[in-house]
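# Topology and contacts: notes
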Amino acid sequence: MATKRQTVVKKNKKGASWKFTLDCTHPVEDGILDSANFETFLREKMKVNGKTGNLRNVVQIARQKNKISVTSEKQFSKRYLKYLAKKYLKKNNLRDWLRVVASDKESYELRYFQINQDEESETEE
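Throughout what follows, the structure given in this document is the object of discussion. Just so it is clear, the model here is predicted, and its values are computed rather than measured.

The next thing to look at is the packing of aromatic side chains. Aromatic ring pairs are described here by two measures, namely the spacing of the ring centres and the angle between the planes. By the definition in use, this model includes five aromatic pairs. Here F38 and Y88 contribute two aromatic rings whose centre-to-centre distance is 4.7 Å and whose plane-to-plane angle is 35 degrees, an arrangement assigned as tilted. With F38 in helix 2 (residues 35–45) and Y88 in helix 3 (residues 78–91), this pair connects stretches of sequence that are 50 residues apart. Grouping residues by exposure puts F38 and Y88 together as buried. An aromatic cluster is built from F20, F76, Y80 and Y83, whose rings are joined through pairwise contacts. The ring of Y108 carries the charged tip of K78 above its face, separated from the ring centre by 4.7 Å.

Here is the structure:
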């Protein structure tokens, strides 16, 4: 009889993780945005498995000065992070001055709208 071989499969303990950052440097330095308040908003409003406030150990939110990083063990959408950032800006009436722009593949940046001075001077004439 042939002997059976047992195959041992090693599982990666860390697994796949998603990490995204939100750079709030310019608005925080100008004093129109509070990064601590923004971090608590994300903690309260972020949904995991269809429930708000259900972050547990699946999603970690950390703040380093003016940058907020979101790390997830489960699949996490970058678009959802943009949605929450826009929702926060709208809630604090900052949506007219700030926009959320992807600076690279894994990060967003809050930037001011570029307002052309030429258009304003033409309308005054």
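So, next bit.
What follows covers a positive patch on the surface. Taken together, the side chains of K45, K47, K87 and K91 define a basic patch exposed on the protein surface. Its location among the elements puts K91 in helix 3.

With that settled, consider the pairing of strand 6 (residues 98–104). On a regular strand, each side chain points to the face opposite its neighbour's, so the side chains alternate between the two faces of the sheet. Bridging between strand 6 and strand 7 (residues 107–112) involves six bridges; their strand directions are antiparallel. Its bridge partner being in strand 7, R99 is matched across the sheet by R111. Counting the residues in the hairpin turn of strand 6 and strand 7 gives two residues.

Judged from the three bridges that link them, strand 1 (residues 18–23) and strand 7 form a sheet pairing that is parallel. When the sheet's bridge partners are listed, L22 is paired in strand 7 with Y108.

Structurally, S107 can be placed in strand 7. Side chain to side chain, S107 and S103 meet in a polar contact 2.8 Å long. Separated by 2.8 Å, the side chains of S107 and D104 make a polar contact.

Thresholds applied
- Residues numbered from 1 in each chain as written.
- Predicted model: local features only at pLDDT ≥ 70, side-chain atom pairs only at ≥ 80, totals over all residues.
- Heavy atoms only, no water.
- Phe/Tyr/Trp six-rings, centres within 6.5 Å; stacked < 30°, edge-to-face > 60°.
- Helix = DSSP H or I, 4+ residues; strand = E, 2+ residues; numbered from the N terminus.
- Buried < 20%, exposed > 50% of the residue type's maximum accessible area, 1.4 Å probe, protein only.
- Lys NZ or Arg CZ within 6 Å of the ring centre and 35° of its normal.
- Patch = residues over 30% accessible without salt bridge, like charges linked within 9 Å, V, L, I, M, F, W, Y side chains within 5 Å.
- Areas by Shrake-Rupley, 256 points an atom, 1.4 Å probe, with all protein chains shown as cover.
- Salt bridge = Lys/Arg side-chain N within 4 Å of Asp/Glu carboxyl O.
- Lys, Arg positive; Asp, Glu negative; His and termini not counted.
- Charge placed at Lys NZ, Arg CZ, Asp CG, Glu CD.
- Pairing = 2+ DSSP bridges.
- Polar contact = N/O pair within 3.5 Å; in protein donor to acceptor, adjacent residues only side chain to side chain.

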